[in-house]
Amino acid sequence: MKQADDIQNKDKILEKVLPEVAFDGWHWSLVQRIARKEGYSAEGLHALFPGKLKDVLAAFSDLADRKMLEVLQEVDPEDLRIRDRVSTALMARFEWLAQHKEALRQSLQFWMVPMNKPCGARLVWHSADKIWRYAGDRATDYNHYTKRGLLSGVIVSTTLAFLNDETETLDNTRAFLDRRIENVMQLGKVINKVKRVS
């Protein structure tokens, strides 16, 4: 129950913070100001985000994942090919993030700082894992890590394409994503051939 309450409280603060980020950037002082306005004490805010801005941005990524999964509840993966399941999931995430592009752009700048990169990489991995689980992948062997590692690369590169996509329907993002998935599928075939030969 406490975890669900914490997520709800984090979401409540994020929903107020996100519109301000485009003007003020991601700053802990902004989060503090919004939290105070929403009635949270300094102690309560620290309990939600002990790592301060790093935890706020991790919560932003988690919120995007959950919004993606909400959309996917309406899509039966059995009706789609594997590659289309992955593409549908990622596009659902980008479609929600479209209203928060500047916040996403600035969060990437934060995660690119060397000391923050490991945490940023873990968040991408978690997103990839959620997408593969939706797609029906239950592998626990070498393939588990390979698939998530490859998809993590797709997520990062497509996110950069998404940030530069000026089309209202994200056509450029979708086209870029389709090409990247095709590349990964071809790479997967090569890997499987090598494994069979070795």
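Here the structure is a predicted model, which is why all the values come from computation and not from measurement.

**Q** Quick one: what's the story with the packing of aromatic side chains, residue by residue and with numbers?
**A** By the definition in use, this model includes five aromatic pairs. These aromatic residues form a ring-pair network of at least three members: Trp-26, Phe-60 and Trp-96. Note that Lys-101 overlies the ring of Phe-162, its terminal NZ or CZ placed 4.9 Å from the centroid. Stacked on the ring of Trp-132, the Lys or Arg Lys-147 has its end atom at 5.3 Å from the ring centre.

**Q** An account of the confidence of the model for the chain is requested, with residue identities and associated values reported.
**A** Of the residues in the chain, 93% have a pLDDT of 70 or more, and the chain-wide mean is 92. The low-confidence segment residues 193-198, where pLDDT is below 50, has two contacts with residues more than four positions distant or belonging to other chains.

**Q** Account for the packing of helix H4 (residues 53-72) against helix H6 (residues 101-111), with residues named and values stated.
**A** As a packed pair, H4 and H6 sit with axes 11 Å apart at the nearest point and diverge in direction by 130°. It follows that H4 is oblique to H6 by the angle criterion. Note on packing geometry: the crossing formed by H4 with H6 is left-handed. In contact with Leu-53, Lys-54, Leu-57, Ala-58 and Phe-60 of H4, H6 contributes Ala-103, Leu-104, Ser-107, Phe-110 and Trp-111.

**Q** Break down the side chain of Thr-173 for me, citing the residues and quoting the values.
**A** Assignment of secondary structure puts Thr-173 in helix H9 (residues 171-197). Polar contacts involving the side chain of Thr-173 include one to the side chain of Asp-165, which spans 2.7 Å. The contacts of Thr-173, once residues within four sequence positions are left out, are Met-91, Phe-94, Thr-158, Ala-161, Phe-162 and Asp-165.

What counts, and where the lines are drawn
- Residues numbered from 1 in each chain as written.
- Predicted model: local features only at pLDDT ≥ 70, side-chain atom pairs only at ≥ 80, totals over all residues.
- Heavy atoms only, no water.
- Phe/Tyr/Trp six-rings, centres within 6.5 Å; stacked < 30°, edge-to-face > 60°.
- Lys NZ or Arg CZ within 6 Å of the ring centre and 35° of its normal.
- pLDDT = per-residue confidence, 0-100.
- Contact = heavy atoms within 4.5 Å.
- Axes fitted to C-alpha atoms, helices over the stretch in contact; angles between N-to-C directions.
- Helix = DSSP H or I, 4+ residues; strand = E, 2+ residues; numbered from the N terminus.
- Parallel < 35°, antiparallel > 145°, perpendicular 65-115°, else oblique.
- Left-handed = near helix turned anticlockwise from the far one by under 90°.
- Polar contact = N/O pair within 3.5 Å; in protein donor to acceptor, adjacent residues only side chain to side chain.

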